[in-house]
Amino acid sequence: MPFVELGEERIYYDHSPSSGRRVLLPIHGSGGDHRCWPEVLRRLPATAVFTPDLPGHGRSTGSGRSRVADYADVVAAFAERLGLQNVVLMGHSLGGAIAQSLALRSPAWLAAIVLVGTGARLRVDPAILDGLLGDYDAALDLVCESAFGPQAAPALVRAHRQGLRQTPPAVTHDDFSACNQFDIMDRLGDIRVPTLVVTGSADNLTPPKYGAFLRDRIPGAQMALIAGAGHMLALENPAALLGHLSAFLDARVTPP
Ligand code: COA
């Protein structure tokens, strides 16, 4: 299994190789891991895809981070250690906050960002934030009740909840704390890379209003709304996300 050693931590990544020049780096959201990106989004034609588990999540060792900037440091170190270039950074929720932070730093390896179910400010319901350190199961129930659109299959919601349950409560709490402090609403105009925003029309955690704000403030950004999908839109409707992602890669990023 592939790992990158960063200091004391071993960062696991799912890898789909390609001889082409396109590189996609998807970053999962709070309490998740690489499996929050369905296989169809991790196996793109003519594109090398590196899908890590953030530290403390999934198969990665180490601890969570309670600031988005600290997670951004990890992702930057991961990309640089692997020598990645021309990277399209795709982030969901917390991962989208990490992608925005890195876009503001504009490292040489970053070509574009895809912001999925996220926002420039991510205040978290105190019932979730406090609950994660109290009754973890009740807090996860609360998260999962809000995280899916009305058409999501119950089995999909159950499987996602089981995945979240495997992440240590302190790590998931760190993730939501990092989101809760995140606010770059007044800095979006400084983002200079091509940007695609994708939001579910039924997202209760990061509603379409958040996506529209990103589209309106990031220069040249475009937005796609996925009808009926909730916050976990990559799991709920991977085909729709794949369609928007592929069109964006073809039109705005390097040809395969
Ligand atoms: N993009 C655009 N607008 C945003 C925004 C974003 N990322 N984040 C907040 N806003 C807007 C809100 O819509 C609100 O506008 P309004 O005054 O016109 O209604 C205003 O900014 C302030 O909102 P917020 O920062 O959320 O503070 P609040 O005190 O009104 O509400 C919560 C705080 C926690 C109750 C609220 O954010 C909430 O219900 N969150 C639950 C969703 C959640 O937990 N998401 C997890 C994200 S990872």
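The following refers to the structure shown. (Residues numbered from 1 in each chain as written. Predicted model: local features only at pLDDT ≥ 70, side-chain atom pairs only at ≥ 80, totals over all residues. Heavy atoms only, no water.)

## Brief notes about the packing of helix H5 (residues 136-147) against helix H6 (residues 154-165)
Consideration 1: Contact geometry of H5 with H6 gives a least axis separation of 10 Å together with a crossing angle of 140°. Judged by the angle between their axes, H5 and H6 are oblique. Here H5 and H6 pass one another in a crossing that is right-handed. Touching Tyr136, Asp137, Leu140, Asp141, Val143 and Cys144 of H5 are Val157, His160, Arg161, Leu164 and Arg165, all from H6. (Axes fitted to C-alpha atoms, helices over the stretch in contact; angles between N-to-C directions. Helix = DSSP H or I, 4+ residues; strand = E, 2+ residues; numbered from the N terminus. Parallel < 35°, antiparallel > 145°, perpendicular 65-115°, else oblique. Left-handed = near helix turned anticlockwise from the far one by under 90°. Contact = heavy atoms within 4.5 Å.)

## Brief notes about helix H7 (residues 169-181)
Consideration 1: With 13 residues, H7 should cover 18 Å at 1.5 Å per step; its first-to-last C-alpha distance of 18 Å lies within 8% of that length.
Consideration 2: Turning to H7, its buried residues are Val171, Thr172, His173, Asp175, Phe176, Ser177, Ala178 and Cys179.
Consideration 3: Residues of H7 that are buried sit in contact with helix H2 (68-81), helix H3 (94-105), helix H4 (126-131) and H5. (Expected span 1.5 Å × (residues − 1). Buried < 20%, exposed > 50% of the residue type's maximum accessible area, 1.4 Å probe, protein only.)

## Here we look at unusual backbone geometry
Consideration 1: One non-glycine residue, serine 93, lies in the positive phi region at around 55°.
Consideration 2: Assignment of secondary structure puts serine 93 in the loop between strand E5 (87-92) and H3.
Consideration 3: For serine 93, a relative accessible area of 10% corresponds to the buried category.
Consideration 4: Notably, serine 106 is not glycine yet its phi reads approximately 40°, a positive angle.
Consideration 5: Relative to the helices and strands, serine 106 resides in the loop between H3 and strand E6 (110-116).

## Looking at the packing of H2 against H3
Consideration 1: Running from N to C, H2 and H3 cross one another at 75°; their axes reach a closest spacing of 9 Å. Relative to H3, H2 is oriented roughly perpendicular. Along the contact surface, H2 presents Val68, Ala69, Tyr71, Ala72, Asp73, Val75 and Ala76, while H3 presents Leu94, Ala97, Ile98, Ser101, Leu102 and Arg105.
Consideration 2: Among the residues making up the contact of H2 with H3, the classes are represented as 10 nonpolar, 1 polar and 2 charged. (Nonpolar A, V, L, I, M, F, W, Y, C, P; charged D, E, K, R; others polar.)

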